[in-house]
Amino acid sequence: MAVVHRTTMTPGKLELLAAWLPAQPWYRDPGAGTSPRPARAGGFRLDDPQGEVGIEFMAVSDGTADRQLTYLVPLTYRGAPLEGAQEALIGTSEHGVLGRRWIYDGTHDPVLVERLYALVRGEAVPQAQSESDTPDPTVTGWSAETAHPGPASVLGVSDGPDSTDVLVRTPAGKLTISVRRVLRPVPEREDGAEPLLGHVTAEWTLADGTRARGRYAVVTP
């Protein structure tokens, strides 16, 4: 189960993201000399079946009230460096219970990618972001009948202006999991209308305090 410890992290996750976000190709500069001030806006967690890697999908808002955007940052927390993923390291932090944690952009972490694809297929249960052992029913995975079965292994990762595309191999062939970095609401009636193999839909909070719902990730051939 996803265990959420009531403790501190130094530096905190938002502090690390404030330094990391501006360097990402999908980040929109708020302009006028404004420094990034990311704020938590939503998200959820997934369990690592091996119990070794923490997995969190964090939605963070940034920008001024009239230009605020919400970004999706999948995070993994590890007790040791992930080999070959130095470019994906967001930073390290001292956890009050677990000690030093290496925090990665989860689109480069094979454990997160495999669990995300499992969620699309209905084989992983999304967990509440801030509560231990608490499923989050607002997060849904949808898979077309033609979706490829089985686990996914990462072949390559590429960033675009709005998303990060993760090319994966499944037992039935290659496909792309596109993580939507800039979150946009999708009307409920349109959910599943696109010609996709699958998607994950979840919620976040807008600048005015209302809740929005849209796709966190989509799967295409």
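To be clear, the structure that these remarks concern was listed above.
In this report, the structure presented in the accompanying data block is examined.

What counts and what doesn't
Per chain, the residues get numbers from 1 upward, laid out in the order the sequence is written. For this predicted model, a pLDDT threshold of at least 70 governs which residues receive local features, and a threshold of 80 or more governs which side-chain atom pairs are given and counted, while totals over whole chains, interfaces and linings are taken from all residues. Derived side-chain values reflect all non-hydrogen atoms in the structure, with water molecules and hydrogen atoms excluded from consideration. Per-residue accessibility, obtained with a 1.4 Å probe over protein chains only, is compared with the maximum for each type, and a residue is labelled buried under 20%, exposed over 50%, and partly exposed between these values. Helix and strand definitions follow DSSP, with helices as H or I runs of at least four residues and strands as E runs of at least two, each counted in order from the N terminus. The pairing criterion is simple: DSSP has to find at least two bridges between the two strands. The contact criterion used is simple: two residues touch if any of their non-hydrogen atoms lie within 4.5 Å. In this description, a line fitted to the C-alpha atoms serves as the axis of each element, helices being fitted only across the stretch in contact, and the angle between N-to-C directions of two axes falls anywhere from 0 to 180 degrees. Here a salt bridge means any side-chain nitrogen of Lys or Arg lying within 4 Å of a carboxyl oxygen belonging to Asp or Glu.

1. A closer look at the pairing of strand β11 (residues 198-205)
Thinking step 1. The buried fraction of β11 amounts to six of the eight residues, a majority that puts the element mostly inside the structure.
Thinking step 2. In the sheet, strand β7 (residues 140-143) pairs with β11 via four bridges, with the strands oriented antiparallel. Across the sheet, residue Trp-142 finds its bridge partner in β11, namely His-199.
Thinking step 3. Where β11 meets strand β12 (residues 211-220), eight bridges bridge the pair, whose relative direction is antiparallel. Considered in β12, the bridge of His-199 is made with Val-218.
Thinking step 4. Between the antiparallel neighbours β11 and β12 lie five residues, among them Gly-209 with a positive phi of about 90°.

2. Some remarks on the sheet that holds strand β3 (residues 54-62)
Thinking step 1. The strand order across the open sheet built from six strands is β1-β5-β6-β4-β3-β2, with neighbouring strands paired in antiparallel fashion. The two strands at the open ends of the sheet, each matched to only one other strand, are β1 (9-10) and β2 (39-46).
Thinking step 2. Packing against the sheet, helix α1 (residues 13-20) makes contact with β1, β2, β3, β4 (69-78), β5 (89-95) and β6 (99-105), and its axis sits at approximately 160° to β5.

3. Things to note about the pattern of salt bridges
Thinking step 1. Counted according to the given criterion, the structure contains twelve salt bridges.
Thinking step 2. In this structure, Asp-162 engages Arg-28 in a salt bridge whose closest nitrogen and oxygen atoms are separated by 2.6 Å. Of the two residues, Asp-162 sits in the loop between β8 (153-159) and β9 (163-170) while Arg-28 sits in the loop between α1 and β2, which places them 134 residues apart along the sequence.
Thinking step 3. Look at Arg-28 and you get partly exposed, because its relative accessible area is 32%.
Thinking step 4. Between Glu-123 and Arg-121 there is a salt bridge; the shortest N-O distance is 2.5 Å.
Thinking step 5. Beyond isolated ion pairs, a larger network of salt bridges with shared partners links Lys-13, Arg-40, Arg-45 and Glu-56.

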